[in-house]
Amino acid sequence: MEHVVIIGNGIAGVTAARHIRKLSDKKITIISAESEYFFSRTALMYVYMGHMKFEHTQPYENHFWKKNNIELVHGYVAKVDTEQKLLYLADKSSLHYDKLVIATGSKPNKFGWPGQDLDGVQGLYSKQDLELLEENAPNNKVCKRAVIVGGGLIGIELAEMLRTRDIPVTFLVREKSFWNSILPSGESEMINEHIREHHIDLRLGTSLQEIHPDENGRVKSVTLAETGEEIECNLVGLTAGVTPNIDFLKDSGIALGRGVKVNRFLETNVKDVYAIGDCAEQHEAIGNRRPIEAVWYTGRMMGEALAQTICGNRMAYNPGHWFNSAKFLDIEYQTYGWVFSERNKKENEVHFHWRHPNEKICITIAFDRESETLLGINTFGIRLRHHVFDQWLSEQQSIDFVMEHLVDANFDPEFYKNFESQIVSKYNADFGKSISLKKRNLKRIFQLG
């Protein structure tokens with residue numbers, strides 16, 4: 001019986017295992033050093049915030065794995081021997097594979113800051129990080145102030161978590177505006193305001209120089225690079241992005257870049273070895289997508305595609321149109337297609353931006369200057385129907401069409417305020433158009449796709 005071994009029990013590895021089992025009776029083993037059972041990583045913050053218990057983050061009952069004949073090994077893979085098809089674990093045991101799937105995810109970036117390995121300095125990625133946070137910041141008596149380094153999604157999640165326990169937070173963001181490498185300026189500035197309104201000490205254009213220890217080897221303060229200011233703190237959260245977790249593969253013969261290099265079929269340069277999820281690096285571009293995508297749904301899609309290939313139906317990874325969602329404190333964010341920041345915007349890309357005069361609600365639509373074809377949309381505080389925008393992007397609809405049918409895309413619950421008329425009015429004023437908003441048509445909505 002062919003033995004498929006999967007290193008990593010995140011969404012990518014577990015999805016591959018589930019779909020291989022649906023398609024075959026192959027022997028399947030999942031190895032993970034992080035946790036015995038699969039859990040939803042995106043839910044970790046809600047455990048700390050008291051909204052759920054850790055066991056609630058596990059989508060499957062513990063008996064699920066035995067019932068589906070998927071063996072779980074709780075251990076750390078120290079070395080891969082691709083010639084002998086052997087894995088060597090840290091406990092000195094070894095495991096033979098016929099096919100190997102590397103799904104080891106990411107680890108937090110460290111940039112060589114003095115003091116970055118002190119007690120009280122941590123990231124927020126793993127179950128162990130969550131447990132460490134409970135030790136380092138159980139309340140505002142133990143943790144009188146936290147300093148967060150890095151202005152991405154993990155950073156704002158950690159800030160929100162700490163504020164639920166009334167722990168003062170200083171947030172160091174190297175850029176001049178929050179996440180402005182991704183967001184257009186109007187959106188980034190709105191998020192700056194929102195962070196500060198939540199009593200978070202946001203320091204823009206500010207970077208970390210050094211982390212200082214106390215007499216016990218714990219963090220006691222940080223120094224800022226630009227001003228030399230010293231800020232006393234009991235916790236430093238390093239959230240300046242993540243990098244593929246692949247150090248154990250350096251002498252394996254598997255081709256590595258920033259991640260494990262794969263083709264569109266998620267195959268490495270070594271026969272019978274594959275990589276999926278955050279650790280996989282595409283060496284052929286897929287449209288505007290980045291070679292490495294540390295995103296939950298792309299990991300799931302890679303797992304599904306690879307299962308087909310391993311079970312004899314060779315299938316390329318085809319993620320379709322880019323989309324993503326997140327929360328900035330209590331503002332919901334969605335993006336479909338491509339809306340680049342001013343830093344990365346292409347010459348042909350035109351933006352239409354509307355922001356509500358009082359509430360933290362806005363929308364940015366990108367379209368092509370010549371053809372006026374829709375390129376992408378960002379929304380904050382307005383929910384959109386995924387299948388509607390996916391269809392419009394596939395059909396290369398015009399910005400005028402999108403404006404006319406904007407109500408079809410709205411997915412906000414009943415009794416929410418609608419802003420389509422104000423959005424279309426500003427669009428007409430900005431571009432000298434006379435677009436009329438069509439009425440919502442449920443038949444038209446559900447015929448899409």
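Anyway, here's the lowdown on the structure attached to this text.

1. Remarks on the pairing of strand β12 (residues 201–204)
In this structure, strand β11 (residues 169–173) lies alongside β12, joined through 4 bridges in parallel fashion. Paired with threonine 170 across the two strands is aspartate 201, which belongs to β12. Regarding topology, helix α6 (residues 185–197) serves as the crossover connection from β11 to the parallel β12, and that connection is right-handed.

2. Examining the side chain of glutamate 281
Mapped onto the elements, glutamate 281 comes out in strand β20 (residues 280–282). For glutamate 281, the contacting residues outside a window of four places in its chain are Gly257, Arg258, Gly259, Val260, Lys261, Val262, Pro291 and Ile292.

3. Looking at the sheet that holds strand β23 (residues 349–355)
Strand order in this open sheet of 5 strands is β21-β22-β25-β24-β23, and the pairing throughout is antiparallel. Two strands in the sheet have a free side with no partner beyond their single neighbour: β21 (323–328) and β23. Sheet twist, expressed as the mean angle between neighbouring strand axes with direction ignored, is 10 degrees. Strand direction decides the pairing type here: β23 and strand β24 (residues 362–368), joined by 7 bridges, are antiparallel.

4. A few points about the environment of threonine 373
For threonine 373, the location among the structural elements is in the loop between β24 and β25 (374–380). Residue threonine 373 is classed as buried on the basis of its relative accessible area of 17%. Distance from threonine 373 to alanine 17, taken between C-alpha atoms, is 40 Å for residues 356 residues apart in sequence. Excluding residues that lie within four positions of it along the chain, threonine 373 makes contacts with Ala366, Phe367, Asp368, Gln396, Gln397 and Ser398.

5. Some thoughts on the sheet that holds strand β16 (residues 235–238)
Overall, parallel pairing links the 5 strands, which are arranged β9-β16-β10-β11-β12 in an open sheet. Edge strands, defined here as strands with exactly one partner in the open sheet, are β9 (121–122) and β12. Of the pairings in the sheet, the one linking β9 to β16 comprises 2 bridges and is parallel in character. When the sheet's bridge partners are listed, glutamine 122 is paired in β16 with glycine 237.

6. A look at the nonpolar core
By size, the foremost hydrophobic cluster in this structure holds 78 residues, and its most contacted members are Leu87, Ile102 and Met403. For this core, the element with the highest residue contribution is helix α7 (residues 296–310), accounting for 7 residues. Aside from chain neighbours lying at most four places away, what touches methionine 403 is Phe352, Ile365, Ile423, Val424, Tyr427, Ile435 and Leu437.

7. As for the environment of asparagine 109
If you trace the backbone, asparagine 109 turns up in the loop between β8 (106–108) and β9. For the pair asparagine 109 and glycine 50, spaced 59 residues apart in the sequence, the C-alpha separation amounts to 27 Å. If we skip the residues at most four places from it in the chain, asparagine 109 touches Ala240, Gly241, Val242 and Thr243. Engagement of the side chain of asparagine 109 in a polar contact is seen with the backbone nitrogen of threonine 243, the distance being 3.5 Å.

8. As for the packing of helix α1 (residues 11–23) against α7
Where α1 contacts α7, the axes come no closer than 7 Å and their chain directions differ by 30 degrees. Read as a crossing pair, α1 and α7 show a hand that is right-handed. Here Ile11, Ala12, Thr15, Ala16, His19, Ile20 and Leu23 of α1 come into contact with α7, specifically with Trp296, Gly299, Arg300, Gly303, Glu304, Ala307, Gln308 and Ile310. In terms of residue class, the contact of α1 with α7 is built from 8 nonpolar, 5 polar and 2 charged.

9. Observations regarding the pairing of strand β5 (residues 86–89)
Burial of the side chains of β5 is restricted to one face: Leu87 and Leu89 are buried, whereas none of Leu86 and Tyr88 on the reverse face is. In the sheet, strand β4 (residues 77–81) pairs with β5 via 4 bridges, with the strands oriented antiparallel. Bridge assignment links aspartate 81 to a residue of β5, and that residue is leucine 86. Where β4 folds back on β5, the antiparallel hairpin that results is connected by 4 residues, among which lysine 85 adopts a positive phi of roughly 55 degrees.

10. Digging into the packing of aromatic side chains
Working definition: an aromatic ring pair is given by the centre-to-centre distance plus the angle between the planes. One pass over the full model with this rule turns up 26 aromatic pairs. Ring plane angle 20 degrees and centroid distance 3.8 Å describe the contact between tyrosine 297 and phenylalanine 323, whose orientation is recorded as stacked. Remark: phenylalanine 323 occurs in strand β21 and tyrosine 297 occurs in helix α7; sequence separation between them is 26 residues. Three or more aromatic residues joined by ring pairs form one cluster here, namely Tyr297, Trp322, Phe323, Tyr336, Trp338, Phe340, Phe389, Trp392 and Phe401. Above the face of the phenylalanine 54 ring, lysine 127 is positioned so that its terminal group lies 5.1 Å from the ring centre. In this structure, arginine 165 is placed above the aromatic ring of tyrosine 48, and the distance from its NZ or CZ to the ring centre is 3.6 Å.

11. Remarks on α1
Its 13 residues give α1 an end-to-end C-alpha distance of 18 Å, which sits within 8% of 18 Å, the value for a rise of 1.5 Å per residue. A large share of α1 lies buried, amounting to 10 of its 13 residues. Residues Ile11, Ala12, Gly13, Val14, Thr15, Ala16, Ala17, His19, Ile20 and Arg21 constitute the buried set of α1. Considering only its buried residues, α1 is in contact with β1 (3–7), β2 (27–32), α3 (63–67), β3 (70–74) and α7.

12. Brief notes about helix α8 (residues 386–394)
Among the residues making up α8, those that are buried are Val388, Phe389, Trp392 and Leu393. The arc that holds the buried residues of α8, viewed along the axis, is 130 degrees, so those residues lie on one side. Phi for glutamine 396, located one or two positions after α8, is positive at around 50 degrees.

Reading the values: the criteria
- For every chain, the first residue of the written sequence is number 1, and numbering continues from 1 along that sequence.
- Local features in this predicted model are restricted to residues whose pLDDT is 70 or higher, and side-chain atom pairs enter the listing and the counts only when it is 80 or higher, whereas totals over whole chains, interfaces and linings include all residues.
- To obtain the side-chain values, all non-hydrogen atoms of the structure were included, while hydrogens and water were left out.
- Only when DSSP finds a minimum of two bridges between them are two strands counted as paired.
- Helix and strand definitions here come from DSSP, where helices need a minimum of 4 consecutive H or I residues and strands a minimum of 2 consecutive E residues; each element is numbered from the N-terminal end.
- If the strands point away from the viewer and the path from the first strand over the helix to the second runs clockwise, then the crossover is right-handed.
- Two residues qualify as a contact provided that any one of their heavy atoms is within 4.5 Å of a heavy atom in the partner residue.
- Only C-alpha atoms enter the line fits that serve as axes; for helices the fit covers just the stretch in contact. Angles between N-to-C directions range over 0 to 180 degrees.
- In this scheme, a residue with accessible area under 20% of its type's maximum is buried, one over 50% is exposed, and one in between is partly exposed, where area comes from a 1.4 Å probe on protein chains only.
- Only buried residues count toward a nonpolar core, which is a set of Ala, Val, Leu, Ile, Met, Phe, Trp, Tyr and Cys residues joined through side-chain atoms within 4.5 Å.
- Here a polar contact means two N or O atoms within 3.5 Å. Within protein one must be a hydrogen donor candidate and the other an acceptor candidate, and residues neighboring in sequence count only if both atoms are side-chain atoms.
- We call a crossing left-handed when the near helix sits turned anticlockwise from the far one by less than a right angle, and right-handed when that turn is clockwise.
- Residues are grouped as follows: Ala, Val, Leu, Ile, Met, Phe, Trp, Tyr, Cys and Pro are nonpolar; Asp, Glu, Lys and Arg are charged; all remaining types, including Gly, are polar.
- Side-chain rings of Phe, Tyr and Trp, where Trp is taken by its six-membered ring, are said to pair if the distance between their centres is within 6.5 Å; with planes under 30 degrees apart they count as stacked, over 60 as edge-to-face, and otherwise as tilted.
- Lysine NZ or arginine CZ positioned within 6 Å of the ring centre and within 35 degrees of the ring normal marks a charge as sitting over the ring.
- Helix span, expected: 1.5 Å multiplied by one less than the number of residues in the helix.
- Think of the arc as the fan of directions from the helix axis to the C-beta atoms.

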